[in-house]
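The lines below spell out each chain.
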Amino acid sequence: QVQLVDSGGGLVQAGGSLSLSCAASGLTFSNYHMGWFRQAPGKEREFVAAITWSGGSTIYADSVKGRFTISRDNAKNTAYLQMNSLKPEDTAVYYCAAGRSIGPLFRMVGAYEYWGQGAQVTVSS
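Caption draft 1: A look at the sheet that holds strand 7 (residues 68-73). An order of 1-3-8-7 is seen for the four strands of this open sheet, with the pairing classed as antiparallel. On the outer flanks of this sheet lie strand 1 (3-7) and strand 7, each paired with one strand and no other. Adjacent strand axes in the sheet meet at a mean angle of 15° when their direction is disregarded. Here strand 3 (residues 18-25) runs beside strand 8 (residues 78-83); their pairing, made up of six bridges, is antiparallel. From the neighbouring strand, Ala23 faces strand 8, where its bridge partner is Thr78.

This is the structure:
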């Protein structure tokens, strides 16, 4: 079956960096667009970043633009999220997601078919 395994979360001070990985199995990874979302306590899951199946295009939420970088390695079936200049408001559980027929709906939770289990990111002030 399809599995997405998120890893790399942790605790970091404000201004620090963390890198998340999403290892996929059970699907043809290069056929899927990949996204990262996050959910803070008491809040809805929100879009962070997405990358097309080829890696040729990326989009970001305004709140992370210039600080986060999404990438993928189709040979390794893995997507990444490099997070720099972290802020306390970035604290959340981060989820990777895979979707095949997303169209223009990269920012929509419902556009993705498969989800990772989540990785906790905590940024202290």
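Caption draft 2: Fine view of the pairing of strand 8. Relative to strand 8, strand 7 runs antiparallel, the two being bridged by six bridges. Bridging across to strand 8, Phe68 finds its partner in Met83. Between strand 7 and strand 8, which pair antiparallel in sequence order, lie four residues; one of them, Asn77, sits at a positive phi of approximately 55°.

Caption draft 3: How the structure looks around the environment of Tyr95. Mapped onto the elements of the fold, Tyr95 is located in strand 9 (residues 92-99). When its relative accessible area of 13% is taken as the criterion, Tyr95 is described as buried. Expressed as a C-alpha distance, the spacing of Tyr95 and Ala111, which sit 16 residues apart in the sequence, is 14 Å.

Caption draft 4: Summary view of the pattern of salt bridges. Overall, the coordinates contain four salt bridges when judged by the stated rule. The residue Glu46 makes a salt bridge to Arg38 at a minimum N-O spacing of 2.6 Å. Residue class for Glu46 comes out partly exposed when judged on its relative accessible area of 36%. Because the salt bridges share partners, they merge into one network encompassing Arg38, Glu46, Arg67 and Asp90.

Caption draft 5: Here's a closer look at the layout of surface pockets. Taken as a whole, the largest pocket holds about 150 Å³ of empty space. Around the largest pocket, the lining residues are Arg38, Gln39, Ala40, Lys43, Glu44, Glu46, Pro88, Glu89, Thr91 and Ala92. For the lining of the largest pocket, a count of residues per class yields three nonpolar, two polar and five charged.

Caption draft 6: Spatial organisation of the nonpolar core. Counting 39 residues, the largest nonpolar core has Trp36, Leu81, Met83 and Tyr94 as the members making the most contacts within it. Breaking this core down by element, the ones donating at least two residues are strand 3, strand 4 (33-39), strand 5 (46-51), strand 7, strand 8, strand 9 and strand 11 (119-124). For Met83, the residues in contact, after removing those within four places along its chain, are Gly16, Ser17, Leu18, Leu20, Arg67, Phe68, Tyr94 and Val121.

Caption draft 7: Structural view of unusual backbone geometry. One non-glycine residue with positive phi stands out, namely Asn77, at about 55°. Mapped onto the elements of the fold, Asn77 is located in the loop between strand 7 and strand 8. Relative accessible area serves as the criterion here: at 28%, Asn77 is assigned to the partly exposed category. Here the phi dihedral of Ser85 falls at roughly 50°; this positive angle occurs in a residue that is not glycine. Within the element layout of this structure, Ser85 appears in the loop between strand 8 and strand 9.

About the criteria used
Residues numbered from 1 in each chain as written. Predicted model: local features only at pLDDT ≥ 70, side-chain atom pairs only at ≥ 80, totals over all residues. Heavy atoms only, no water. Pairing = 2+ DSSP bridges. Helix = DSSP H or I, 4+ residues; strand = E, 2+ residues; numbered from the N terminus. Axes fitted to C-alpha atoms, helices over the stretch in contact; angles between N-to-C directions. Buried < 20%, exposed > 50% of the residue type's maximum accessible area, 1.4 Å probe, protein only. Salt bridge = Lys/Arg side-chain N within 4 Å of Asp/Glu carboxyl O. 1 Å grid on protein atoms, 1.4 Å probe; cavity = no way out; pocket = protein on both sides within 12 Å on 5 of 7 lines; lining within 4 Å. Points joined across faces, edges and corners; volume = space filled by probe spheres on them. Nonpolar A, V, L, I, M, F, W, Y, C, P; charged D, E, K, R; others polar. Core = buried A, V, L, I, M, F, W, Y, C linked by side-chain atoms within 4.5 Å. Contact = heavy atoms within 4.5 Å.

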